[in-house]
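Observations on chain architecture
Here is how the chains run, residue by residue.
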Amino acid sequence: MNQTELNTLMMGLKDNGLTVAFAESCTAGMLASEFVRAKGSSDVLKGSLVVYQPEVKQKLLGVKKETLELYTAESQQVTNEMVMGLKKLVNADINVATTGLAGEGGSENPEKPVGTMFVSILYDGKAEEFREVFKGNAESIRKQLVDYIFEKLQGILDEHYNR
């Protein structure tokens, strides 16, 4: 997402009086860092938590140990619990959680290759979940995911708030 598009997203969120919070695992803070490049972000971003290790997901966001053991830290089920914990903790209007495999060494397998990313977005009593596979090196995969999430936020804004 270029700077103009990011500014448009931010102004749309701000004009609707919406706040946003992130729970970031694989993006490790990149999501919040890119988000604040937009004018008006201080009125919109409530906060972002980097929850990289499974035990931090448990302690800060209430992700169940059983969920981590059964589905792995890089799964839609864990991302769903992360976004619920984020909502309780920060209570933004739009809550976004993400996990995934930006590099080797995680829970990758033929059905879940490196590049597989999971996103959960909770807003206005609705929950949306996404699974996407990106190609490239770890940095490129994280950047693609950030842009993907910003596009999803713009879609939510257009469909549910800008009427």
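A brief structural summary. In this text, all values refer to a predicted model and were calculated from it rather than measured experimentally.

What about the sheet that holds strand E3 (residues 94-100)?
Read across the open sheet, the five strands follow the order E2-E1-E3-E4-E5; overall the sheet is mixed. Both outer strands of the open sheet, strand E2 (45-50) and strand E5 (126-133), are each paired with one neighbouring strand and no more. Strand-to-strand twist in this sheet, taken as the mean axis angle between neighbours without regard to direction, amounts to 10 degrees. Across seven bridges, the pairing between E3 and strand E4 (residues 116-123) is antiparallel. Pairing of Ile-94 across the sheet is with Tyr-123, part of E4. On the sheet, helix H6 (residues 76-90) packs against strand E1 (20-24), E2, E3, E4 and E5 and is oriented at approximately 145 degrees with respect to E3. Along the sheet face, helix H7 (residues 138-161) touches E1, E3, E4 and E5 and points at about 30 degrees away from the line of E4.

Some thoughts on the pattern of salt bridges
Scanning the entire structure with this criterion turns up eight salt bridges. Where Lys-65 meets Glu-69, a salt bridge forms, and the shortest distance between an N and an O atom there is 3.9 Å. In this pair, Lys-65 and Glu-69 both sit in helix H5 (residues 65-71), four residues apart, roughly one turn of the helix. When its relative accessible area of 47% is taken as the criterion, Lys-65 is described as partly exposed.

Calculation rules
- Residues numbered from 1 in each chain as written.
- Predicted model: local features only at pLDDT ≥ 70, side-chain atom pairs only at ≥ 80, totals over all residues.
- Heavy atoms only, no water.
- Pairing = 2+ DSSP bridges.
- Helix = DSSP H or I, 4+ residues; strand = E, 2+ residues; numbered from the N terminus.
- Axes fitted to C-alpha atoms, helices over the stretch in contact; angles between N-to-C directions.
- Contact = heavy atoms within 4.5 Å.
- Salt bridge = Lys/Arg side-chain N within 4 Å of Asp/Glu carboxyl O.
- Buried < 20%, exposed > 50% of the residue type's maximum accessible area, 1.4 Å probe, protein only.

Take it as geometry only, folks, not as evidence of what the structure does.
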